[in-house]
Structure formats: C-alpha cells, structure tokens
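Commentary on secondary and tertiary structure
Here is how the chains run, residue by residue.
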Amino acid sequence: MGTEGWLGGAYLWVKAFHIIFVIFWMAGMFMLPRYFAYHCQCAPGSDEDRKWIERERRLLRIIINPAMTMAWLLGLALVFNIGFGAGGWLHVKLLMVVILSGFHGALSKYRKAFARGERPKSETYFRRINEVPAVFIIIIVLLVVPKAF
Ligand code: HEM
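Conventions and cut-offs
- Residues numbered from 1 in each chain as written.
- Predicted model: local features only at pLDDT ≥ 70, side-chain atom pairs only at ≥ 80, totals over all residues.
- Heavy atoms only, no water.
- 1 Å grid on protein atoms, 1.4 Å probe; cavity = no way out; pocket = protein on both sides within 12 Å on 5 of 7 lines; lining within 4 Å.
- Points joined across faces, edges and corners; volume = space filled by probe spheres on them.
- Helix = DSSP H or I, 4+ residues; strand = E, 2+ residues; numbered from the N terminus.
- Nonpolar A, V, L, I, M, F, W, Y, C, P; charged D, E, K, R; others polar.
- Near = heavy atom within 4 Å.
- Polar contact = N/O pair within 3.5 Å; in protein donor to acceptor, adjacent residues only side chain to side chain.
- Sits in = over half its atoms within 2 Å of the grid points.
- Core = buried A, V, L, I, M, F, W, Y, C linked by side-chain atoms within 4.5 Å.
- Buried < 20%, exposed > 50% of the residue type's maximum accessible area, 1.4 Å probe, protein only.
- Contact = heavy atoms within 4.5 Å.

Turning our eyes to something else, we now look at the layout of surface pockets. Here the largest pocket is characterised by a volume of approximately 680 Å³. The element that contributes the greatest number of residues to the lining of the largest pocket is helix 1 (residues 11–39), accounting for eight residues. Across the lining of the largest pocket, the residue classes tally to 23 nonpolar, two polar and three charged.

See below:
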C-alpha cells in the first residue's frame, strides 16, 4: 500500500519525514502554552518579560511554524498519494489537523499580545490549554494507524 501511488518508492521516506515534523510541531505546541504560563508571572516591561518575549518569538519562528509547514506539505503529498477517498479516517483526521492548526493560530495571536505587553489570558488558562495537543495526538494517531473506517 502507498508505493503504487505517485510517490512510488519515496512513499515510506515521505511518511517518515511527515511523522518527524509532526513530532517537532507537537513538541513546540506543548512548550509554548507553558512559556505563556510562566510569562504571566512577570511584570510587563521587566527584564524577565523581555526574555520571555524573545523565547516565545524564537520557538514559534524557528521550530513551530517551519515544522507545521513541513507536516502539512508532506501530509498533503501523502493525501494525493493515497487518494482523498481513502476512508472516513482520513476525512476525520483532516478535520482534526485543521482544528489543531487553528489552535496554532490562537497561540500565535497570544504571542503577539504578550509582545505588546498584554496578559491576554490567565496563568491557569495557559496551564489548562497545555493539554490540548495531547488530546488531538491521541485522536489522530488512533485514526491514521488502524484506519478502522
Ligand atoms: C498537517 C496536516 C496533515 C495531513 C494532511 C496528514 C496526512 C497524512 C496522510 C495522508 C498519511 C498517510 C497515510 C498512509 O499512507 O498510510 C499520514 C500518515 C501519518 N500521519 Fe499525518 N497528516 C497531517 C498531520 C498529522 C498530525 C498532526 C499527526 C499526529 C499528531 C499525524 C500523524 C500521522 C502518522 C502517525 C502517520 C503514519 C500512519 C501509518 O503509517 O499508518 N499526521 N498523514
């Protein structure tokens, strides 16, 4: 399965790199809300505030954004390889990754608010949303590996 699609012999390599970039993307999405939770503890304009602003900017620019882009590009290459009609599992998976990308967008919006010296949400809120990627990872992996429907 998969090697007969347009990717041919590259199929398993593309899938392997897809999973690698997914792991980097998820790792960043676990870290950023945690950074925001700690960032809430320091005063706007303080030295510590400036350090968190720089850490958050680098995490998003150097790891999260490139990893998401590569996960999507390689994922779409796999969609065209396997065919959009591969099964209900793929449709539900794509819905889940679109919602996860929306969560990414929300984190990016919070980063800009912190950089303006704002505290967009409470420390407790950021500790709670820290678990969101975990819920999506469980759902997505249980969809894409068994391909049960
Ligand atoms: C960003 C958009 C994404 C797209 C378009 C996408 C699409 C795909 C497709 C079409 C496959 C190949 C299925 C096959 O040929 O067996 C695949 C494999 C896989 N994807 Fe994604 N995916 C995306 C994101 C994710 C995310 C966020 C996760 C996990 C959190 C994930 C986990 C996996 C895993 C574990 C496999 C390997 C499944 C297997 O070998 O059976 N993907 N993906």
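In the vicinity of the ligand lie 24 residues, with Tyr-11, Lys-15, His-18, Lys-93 and Lys-147 positioned nearest. The separation between a nitrogen atom of the ligand and a polar side-chain atom of His-18 is 2.9 Å. According to the grid-proximity analysis, the pocket containing the ligand is the largest pocket. Elements with a contribution of two residues or more to the shell around the ligand: helix 1, helix 2 (47–82), helix 3 (88–115) and helix 5 (132–144).

This paragraph deals with the nonpolar core. Formed by 38 residues in total, the largest nonpolar core has its most connected members in Trp-25, Met-29, Leu-32 and Leu-107. Among the secondary structure elements, those contributing two or more residues to this core are helix 1, helix 2, helix 3, helix 4 (123–129) and helix 5. Here the element with the most residues in this core is helix 2; it accounts for 11 residues. In this structure Met-29 touches Ile-64, Leu-100, Phe-103, His-104, Leu-107 and Pro-133, once residues within four positions along its chain are discounted.

Here we come to the side chain of Asp-49. Following the sequence through the fold, Asp-49 ends up in helix 2. A residue is classified by how much of its surface remains accessible, and Asp-49, at 3% relative accessible area, is buried. There is a polar contact of 2.5 Å between the side chain of Asp-49 and the side chain of His-39.

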